[in-house]
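# Working through the structure, step by step
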Amino acid sequence: MNTKKITGSEALLNALIAEGVDTIFGYPGGQAIPIFDSLYDYADKLKLVLVRHEQGATHAAQGYARVSGKVGVNIVTSGPGATNTITGIADALMDSTPVVVIAGQVPSSLLGTDAFQEVDVIGITQPITKWAYQVRKPEEIAWAVSRAFYIASTGRPGPVVLDFAKDAQVGLVDYVYEKLNYIRSYRPVPNIADEQIEAAAELINQAKKPFALVGQGVILGNAEEELKTFLEKANIPAGTTALGLSALPTGHPLNKGMIGMHGNVGPNMKTMECDVLIAIGMRFDDRVTGNLETYARQAKIIHFDIDDSEIGKNVQVTVPVLGDAKETLAAVTEYIRPTDHPEWIASFRPHEEEEYKKVIRKEVFPEEGALKMGEIVRKVSEATGNKAVLVTDVGQNQMMGIRYFKYSRTRSVVTSGGLGTMGFGIPAAIGAKFGAPDRTVCLFMGDGGLQMTIQEFGTIMQENLNIKMIVLNNNYLGMVRQWQELFFKKRYSGTVMANPDFVAIAKAYNIGSRLVEKREELDDAIAEMLEYDGPYLLVANVETHGMVYPMVPAGASITNIIMGE
């Protein structure tokens, strides 16, 4: 076998290329300089995107991974560089996003001496990663990188951290790379059990009121077509989680909308009426279930999942179906009978009509008053032909975005689900644009989340990224204010925001921008934004006390739905 002696930094970059990496989000520093020095010679193979904060690097890697289906990669230095990635790593773990975080570290001889910018990266990140490993010798690099990518991308995806001591970066090694496809102690995909497949099919065949809950696991498993075939064969209506929204096109007749705290009324109500509940690649998060003591007690529950630790964790399951959703859905579909459930499906209609009358019509088609978040989201989505990638920050902008944007393609929603990370939006949109350069990327954010990572405007400027950004500006931390209004006697503590001139800030970064406050200006402003050749910030001043309805109060039954005034 031919080998060549190269530095550890070069070995790292060659290993990344062997794993199909083409884009790296990073920020240099003292203990990572050898890696960045080597990157200088690899510019034709590896695109380095200079972020403005290491948190931005991890969120950008997440956005890249979510839309591309590949592993996102970022490289940072030691100490504060590494600790600044923690939020993104935790976010990636919660949302099953495959990222590999590469951190510089002090030389091996200085480990444990409290050297300048030394921190125990492995100790800090082990609880929030699938795997964390410290590389001390250049001979370990090829092995560690192949293992990192295999673990991050297989089974239930997630983050991996590699901590590179400086001597591993500068030492010489005979580089040989072999992609990994097996680890003895790691079983990413459980074996499919025939008895589980048959038992699930039998329950579905007996069901009079079946209902499916579709999660991101369908997208991660590339099982969108298998899902449609499964649902259509037995005419099973479905609701989706926030992260699973684009697994099924919005306009599909069996797609009944989003479930959970700010989900649609029909799916939430029918969860409590169905006789067989079929969960597919979702984890029964508390924002979906509400009060577990009352959740779906009437139903027999089938749970499709690749991660056996999720089975029975929150909800008792009648039949678990372990395995890759692409395979297990197809297997169960073979056994289920073609069925119609016309009365059951029709029973969603009254709830849809009620929600439209009490919530959607007022939020999405207002005729007077201040601009509303929902109408802006709807108009932007329609103007893109409902084909864009939606990226959101966290808060009211997030809920309005995922509720009223429409999806015709998979991998079209990039949002922080499990961790709910404000500041996620801008860097995630940067990553999404690199991950899907031919797609329109629309970012919705609030005035609060925008200012948490506003420095990433510098990256957008430097790369001239054609991202369409919409600030739904209400001069509040809107979601917390909503809770204060509903449950804390309107005591607005710490939620009123005095904001800068966002348009002027955008102009300082050479980003196209416009302020819109009047309804009659909105269509023209959106058209200008979408037609603009380059990044654009549309600042929309919306009603200050807007509310996201429907809403299930935290800890309440999911049928305890607040519909507004």
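Preceding block: the structure.
Just so it is clear, the structure is predicted and the values come from calculations on it, not from any experiment. (Residues numbered from 1 in each chain as written. Predicted model: local features only at pLDDT ≥ 70, side-chain atom pairs only at ≥ 80, totals over all residues. Heavy atoms only, no water.)

This part takes up the overall build of the protein chain. Check the secondary structure of the protein chain and you find 24 helices and 20 strands. Scaling as 2.2 N^0.38, a compact globule of 565 residues should have a C-alpha radius of gyration of about 24 Å, and the protein chain matches this with 24 Å. When the backbone C-alpha atoms are referred to their principal axes, the protein chain occupies close to 70 × 60 × 40 Å. Burial analysis of the protein chain (565 residues in total) assigns 60% to the buried set. Intrachain contacts of the protein chain at a sequence separation of at least 6 include 76% that bridge at least 24 residues. When the accessible surface of the protein chain is split by element, carbon and sulfur atoms take 50% of a total near 22,200 Å². Separation of charge centres in the protein chain, based on 53 positive and 66 negative side chains, amounts to 3 Å. (Helix = DSSP H or I, 4+ residues; strand = E, 2+ residues; numbered from the N terminus. Rg over C-alpha atoms; globule rule 2.2 N^0.38 Å. Buried < 20%, exposed > 50% of the residue type's maximum accessible area, 1.4 Å probe, protein only. Contact = heavy atoms within 4.5 Å. Areas by Shrake-Rupley, 256 points an atom, 1.4 Å probe, with all protein chains shown as cover. Lys, Arg positive; Asp, Glu negative; His and termini not counted. Charge placed at Lys NZ, Arg CZ, Asp CG, Glu CD.)

We now examine the sheet that holds strand β12 (residues 276-280). In a beta sheet, neighbouring strands pair by backbone hydrogen bonds and run either parallel or antiparallel. Ordered in space as β11-β10-β9-β12-β13-β14, the 6 strands form an open sheet in which the pairing is parallel. The sheet is open, and its two edges are formed by β11 (255-258) and β14 (319-322), each paired on a single side. Between one strand and the next, the sheet's axes are offset by a mean angle of 20°, whatever the strand orientation. Where strand β10 (residues 238-240) meets β11, 2 bridges bridge the pair, whose relative direction is parallel. Bridge pairing in β11 links Thr240 to Met258. The sheet contacts of helix α14 (residues 325-335) involve β12, β13 (300-305) and β14, and relative to β13 the element is tilted by about 135°. (Pairing = 2+ DSSP bridges. Axes fitted to C-alpha atoms, helices over the stretch in contact; angles between N-to-C directions.)

All right, on to α14 then. Ala325, Thr328, Leu329, Val332 and Thr333 are the residues of α14 that are buried. Looking down the long axis of α14, one finds its buried residues gathered within 135° of arc, a one-sided arrangement. Contact partners of the buried residues in α14: α9 (194-206), α10 (217-220), α11 (224-234), β12, β13 and β14. Sitting at the amino-terminal end of α14 is Asp324, which places a side-chain oxygen 2.9 Å from the backbone nitrogen of Lys326. (Arc of directions from axis to C-beta. Polar contact = N/O pair within 3.5 Å; in protein donor to acceptor, adjacent residues only side chain to side chain.)

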